[in-house]
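Residue-level structure breakdown
Here's the letter readout for the chains.
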Amino acid sequence: SDGERLLHRDSGRPQPRDASLNGQSREEGGFDPDCENQQARGDHLGGRKHGEWIECADSGDVAYRLNYIHGKRHGTWEAYWTTGDQGGTLKTKGGYQDGQRYGMWSHYHENSKLKEYGLYLNGKKHGKWISDYETGQRDTETEFQTGKKHGSLRWYHENGQLAFEGPYRHGRPHGMWRSYRENG
């Protein structure tokens with residue numbers, strides 16, 4: 001049937017809508033679930049996932065927030081760290097369009113510093129992707145074209161000095177590559 005579907009954490013079986021809302025209506029914040037007794041929560045339309053879905057980790061933290069339109073991922077997608085002191089902090093944020101990754105995606109280290117970011121086009125990495133060490137220092141800069149490395153790649157030592165660089169063409173190293181000592 002259409003409507004909200006709740007899955008009990010232990011059994012994985014659907015449970016009545018009122019069982020997990022603890023008397024709250026959706027308008028009172030019931031859509032930020034208490035993950036202690038839920039595995040997932042979201043709506044169905046025509047038998048398919050539709051609207052915002054929240055998935056919970058065994059730790060009780062929210063693991064994912066994602067959106068669907070007629071069963072396909074569409075819109076904002078977020079993943080959260082679910083263990084340790086960082087439980088509940090953002091791990092990954094991006095978007096979907098018609099079931100494929102699309103637009104800007106960002107991944108974070110457990111210390112909440114940016115780990116990697118770049119664009120997706122039609123479900124594939126495209127353009128310049130940047131990754132950083134946990135310290136915030138640059139790790140790599142890589143050019144992509146329709147999911148394959150294409151263009152320059154620059155890799156840095158943890159001290160910020162360039163380690164090596166070279167071009168890719170259609171996913172394979174191509175042309176002159178140079179490597180550098182850690183002290184520059």
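Details of the structure are given in the entry above.
Residues numbered from 1 in each chain as written. Predicted model: local features only at pLDDT ≥ 70, side-chain atom pairs only at ≥ 80, totals over all residues. Heavy atoms only, no water.

Further remarks concern unusual backbone geometry. A negative phi holds for most residues other than glycine; trans holds for most peptide bonds. A positive phi is found at His70, a non-glycine position, where the angle reads about 50°. One can find His70 in the loop between strand 5 (62-69) and strand 6 (72-80). One non-glycine residue with positive phi stands out, namely Asn122, at about 55°. Mapping Asn122 onto the fold places it in the loop between strand 9 (114-121) and strand 10 (124-132). (Helix = DSSP H or I, 4+ residues; strand = E, 2+ residues; numbered from the N terminus.)

All right, on to the packing of aromatic side chains then. Summed over all chains, the structure comprises 8 aromatic pairs. For the pair Tyr96 and Trp105, a centre-to-centre distance of 5.7 Å together with 80° between the ring planes defines the contact as edge-to-face. The residues Tyr96 and Trp105 share a single accessibility class, namely buried. Here the aromatic rings of Trp155 and Phe164 are separated by 5.1 Å at their centres, their planes lie at 50°, and the arrangement is tilted. Three or more aromatic residues link up through ring pairs in this structure, and these residues are Tyr64, Trp77, Tyr96, Trp105, Tyr120 and Trp129. In this structure, Lys125 packs its charged tip against the face of Trp129, placed 4.5 Å from the ring centre. (Phe/Tyr/Trp six-rings, centres within 6.5 Å; stacked < 30°, edge-to-face > 60°. Buried < 20%, exposed > 50% of the residue type's maximum accessible area, 1.4 Å probe, protein only. Lys NZ or Arg CZ within 6 Å of the ring centre and 35° of its normal.)

Inspection of the secondary structure assignment puts Phe164 in strand 13 (residues 162-169). A relative accessible area of 26% places Phe164 in the partly exposed class. Taking C-alpha positions, Phe164 is 5.4 Å from Arg178, a pair spaced 14 residues apart along the chain. When sequence neighbours within four positions are dropped, the list of residues in contact with Phe164 reads Leu153, Arg154, Trp155, Trp177, Arg178, Ser179 and Tyr180. (Contact = heavy atoms within 4.5 Å.)

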